Amino acid sequence: TPVIGLVNEPESEFLTERADGITAALEEMLPEGEIVITAAGTTETAGLEAGENFLTAYPDMNVVCTINDDTAAGVYNAFSAAGYGDAQDRGLFSCDGTITSLTNVQKGGFHKVCVNLSLPTVGEHMVEAVVQDLSGETVTYDKDNYFPMEPVNAENAQEAIDAYNG
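The shown structure was predicted, so the numbers you read here are calculated from the model rather than taken from an experiment.

**Q** Go over helix H5 (residues 119-134) with me, naming the residues and quoting the values.
**A** Under the 1.5 Å per step criterion, the end-to-end length of H5 is 23 Å for 16 residues, consistent within 8% with the ideal 22 Å. Every buried residue of H5 is accounted for by Val122, His125, Ala129 and Gln132. Down the axis of H5, the buried side of the element spans an arc of 90°, and every buried residue falls inside it. Along H5, the residues that are exposed and aim more than 90 degrees away from the buried face are Glu124, Val127 and Leu134. Note on H5: the residue one or two positions beyond its end, glycine 136, has a positive phi of about 80°.

**Q** Give a description of the environment of glycine 85 that names residues and reports values.
**A** Within the secondary structure, glycine 85 sits in the loop between helix H3 (69-81) and strand E4 (91-96). For the pair glycine 85 and asparagine 104, spaced 19 residues apart in the sequence, the C-alpha separation amounts to 9.2 Å. Glycine 85 has contacts with Tyr76, Phe79, Ser80, Gly109 and Phe110, leaving out every residue within four places of it along the chain.

**Q** Quick rundown of the sheet that holds strand E6 (residues 150-152)? Include the residues and the values.
**A** Reading across from one edge, E2-E1-E3-E4-E5-E6 is the order of the six strands in this open sheet, with mixed pairing throughout. Since the sheet does not close on itself, it has two edges, and those belong to strand E2 (34-40) and E6, each with one partner. Neighbour-to-neighbour, the strand axes of this sheet turn through a mean angle of 20°, independent of strand direction. Direction of pairing for strand E1 (residues 3-8) relative to E2: parallel, over a ladder of six bridges. By the bridge assignment for E2, valine 7 is matched with alanine 39. Along the sheet, helix H1 (residues 13-29) makes contact with E1, E2, strand E3 (63-66) and E4, crossing E1 at roughly 165°.

The rules we used
Residues numbered from 1 in each chain as written. Predicted model: local features only at pLDDT ≥ 70, side-chain atom pairs only at ≥ 80, totals over all residues. Heavy atoms only, no water. Helix = DSSP H or I, 4+ residues; strand = E, 2+ residues; numbered from the N terminus. Expected span 1.5 Å × (residues − 1). Buried < 20%, exposed > 50% of the residue type's maximum accessible area, 1.4 Å probe, protein only. Arc of directions from axis to C-beta. Contact = heavy atoms within 4.5 Å. Pairing = 2+ DSSP bridges. Axes fitted to C-alpha atoms, helices over the stretch in contact; angles between N-to-C directions.

Dropping the structure here:
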């Protein structure tokens, strides 16, 4: 039975929407599971504290979802310190695509999947759009969705890491 922890951030509108989406997907796809504890934060330190608190309150916790990769890094460190870094029966799931998360996913342990948003590429596109707008040009986009939302697991992590490093 999935025993789920969620790191969210109620102080941020878009991160609240992200957390609401995670919650809705969990309810739909894992109806037998239950979010038993939540914590707020956007930093690795907040994620570390959340992970430690999750394990203290629910030692059998086997699913953690985070609203970003920074908190995921902290949760990963907490679970690793507790001996679950290589766990195959527990999973951490995050999004953004930071090099830290991509590297942790590559290890094939507790951090199972990171949804890669190709952040370096997104940043480049944002600057291109600003320059075009400030120059009086029509802002153009190479694709409709700058955030490709590519699921990264241990099998394709090296490819994502290579793309990140350019």
